Structure formats: structure tokens, C-alpha cells
Amino acid sequence: MTRQKRILILAAIALAHWAATRAVGSLILHQTAQHVFEPQLPAATRLLVAAAKVLYFPVVSLSLFPRAWFPGGWIAVPILVNSLVWALTLWAGVMLFQRACRRRRK
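Rules of the game
- Residues numbered from 1 in each chain as written.
- Predicted model: local features only at pLDDT ≥ 70, side-chain atom pairs only at ≥ 80, totals over all residues.
- Heavy atoms only, no water.
- Helix = DSSP H or I, 4+ residues; strand = E, 2+ residues; numbered from the N terminus.
- Rg over C-alpha atoms; globule rule 2.2 N^0.38 Å.
- Buried < 20%, exposed > 50% of the residue type's maximum accessible area, 1.4 Å probe, protein only.
- Contact = heavy atoms within 4.5 Å.
- Areas by Shrake-Rupley, 256 points an atom, 1.4 Å probe, with all protein chains shown as cover.
- Patch = residues over 30% accessible without salt bridge, like charges linked within 9 Å, V, L, I, M, F, W, Y side chains within 5 Å.
- Salt bridge = Lys/Arg side-chain N within 4 Å of Asp/Glu carboxyl O.
- Lys, Arg positive; Asp, Glu negative; His and termini not counted.
- Charge placed at Lys NZ, Arg CZ, Asp CG, Glu CD.
- Core = buried A, V, L, I, M, F, W, Y, C linked by side-chain atoms within 4.5 Å.
- Axes fitted to C-alpha atoms, helices over the stretch in contact; angles between N-to-C directions.
- Left-handed = near helix turned anticlockwise from the far one by under 90°.
- Nonpolar A, V, L, I, M, F, W, Y, C, P; charged D, E, K, R; others polar.
- Expected span 1.5 Å × (residues − 1).
- Arc of directions from axis to C-beta.

Caption draft 1: A look at the overall build of the protein chain. Scanning the protein chain from N- to C-terminus turns up three helices and zero strands. N-terminal to C-terminal, the α/β element order of the protein chain is α-α-α. The C-alpha atoms of the protein chain give 18 Å as radius of gyration, which overshoots the globular expectation for 106 residues (13 Å, by more than 25%). For the protein chain, the spread of C-alpha atoms along the three principal axes comes to 60 × 35 × 20 Å. Every one of the 106 residues in the protein chain was classed for burial, and the buried ones make up 21%. At a minimum sequence separation of 6, the contacts of the protein chain that also span at least 24 residues come to 65%. Carbon together with sulfur atoms contributes 70% to the accessible area of the protein chain, which is approximately 8100 Å² in total.

Pasting the structure below:
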């Protein structure tokens, strides 16, 4: 596999993760606004919150950053970095798995 193809695959994984993270965040805001006066959020919203915790995993402390560091739409920068970390981790996991399978066959 060429280096250019690897970079495109990593970028596609990172972009998909970033889009999923942004979509889940928007859905959570929408669901929470609809059920703000209910004592407990619906199961679907709780499931979305759990998904967000997984998607934001390495940057869980994002809320600890001062908002002045990332004004306006710049908050997408640490989320994008998080997505790149996810892409590299998934890529490394797949490569290690493939290497282990090749060694096992020998």
C-alpha cells in the first residue's frame, strides 16, 4: 500500500469520527432541549450520551479547557485532533492484528 493511500485512509477514518462526534453532540443538544422539564432523559438520549463519552474518550477533559482558548468554531480543533488520535489508534490496531494473523499462519 502506498503512503498516499495510507494517508487518505487515515484522513477518511478521522473525518468519519469527527462527523460522528459532531452529529452525536447535536443530537444530544436537540434531545435534551426537547425533554428539559422531564425528571429523567429518555433511553435514546442516555444512549447518545454514552456514545459521546466513547467518541470523546482521549479528550474527555475538553470541558476543563478555558473557552477563551477555542472561541467560536475553533472548538472543532481539539475534536479534530481527537479524531486523528482515534484514526491512528484504529490503524495501528488493524496493522497489529494483520501482523499477528500472518505470523500465526506461518
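Right, picking up where we left off after that structure.
Caption draft 2: Examining a positive patch on the surface more closely. A contiguous patch of positive charge on the surface is contributed by R99, R102, R103, R105 and K106. For R103, the location among the structural elements is in helix α3 (residues 76-105). R103 sits in the exposed class, given a relative accessible area of 62%.

Caption draft 3: Region of the structure containing the nonpolar core. Among the nonpolar cores identified, the biggest contains five residues, and these are V24, I28, L48, A52 and L55. At the level of elements, α1 (3-34) and α2 (43-55) are the ones that each hand at least two residues to this core. Among the elements that take part in this core, α2 stands out by supplying three residues, more than any other. Contact partners of V24, with chain neighbours within four places excluded, come to L48, A52 and L55.

Caption draft 4: Representation of the packing of α1 against α2 within the structure. Close contact between α1 and α2 brings their axes to 9 Å; oriented N to C, the two are set at 145°. Helix-helix and strand crossings are classified by hand; for α1 and α2 the assignment is left-handed. Contacts between α1 and α2 involve H17, A20, T21, V24, L27, I28, Q31 and T32 from the former and T45, L48, V49, A52 and L55 from the latter. Here the residues of the contact of α1 with α2 sort into eight nonpolar, five polar and no charged.

Caption draft 5: Region of the structure containing α2. The end-to-end C-alpha distance of α2 is 18 Å, a good match for the 18 Å that 13 residues give at a rise of 1.5 Å each. Residues of α2 that are buried: T45, L48, A52 and L55. The arc that holds every buried residue of α2, seen down its axis, measures 75°, which confines them to one face. Residues of α2 that are exposed and point more than 90 degrees away from the buried face comprise L47 and K53. In this structure, the buried side of α2 is in contact with α1 and α3.

Don't take any of this as a statement about function, it's just geometry.
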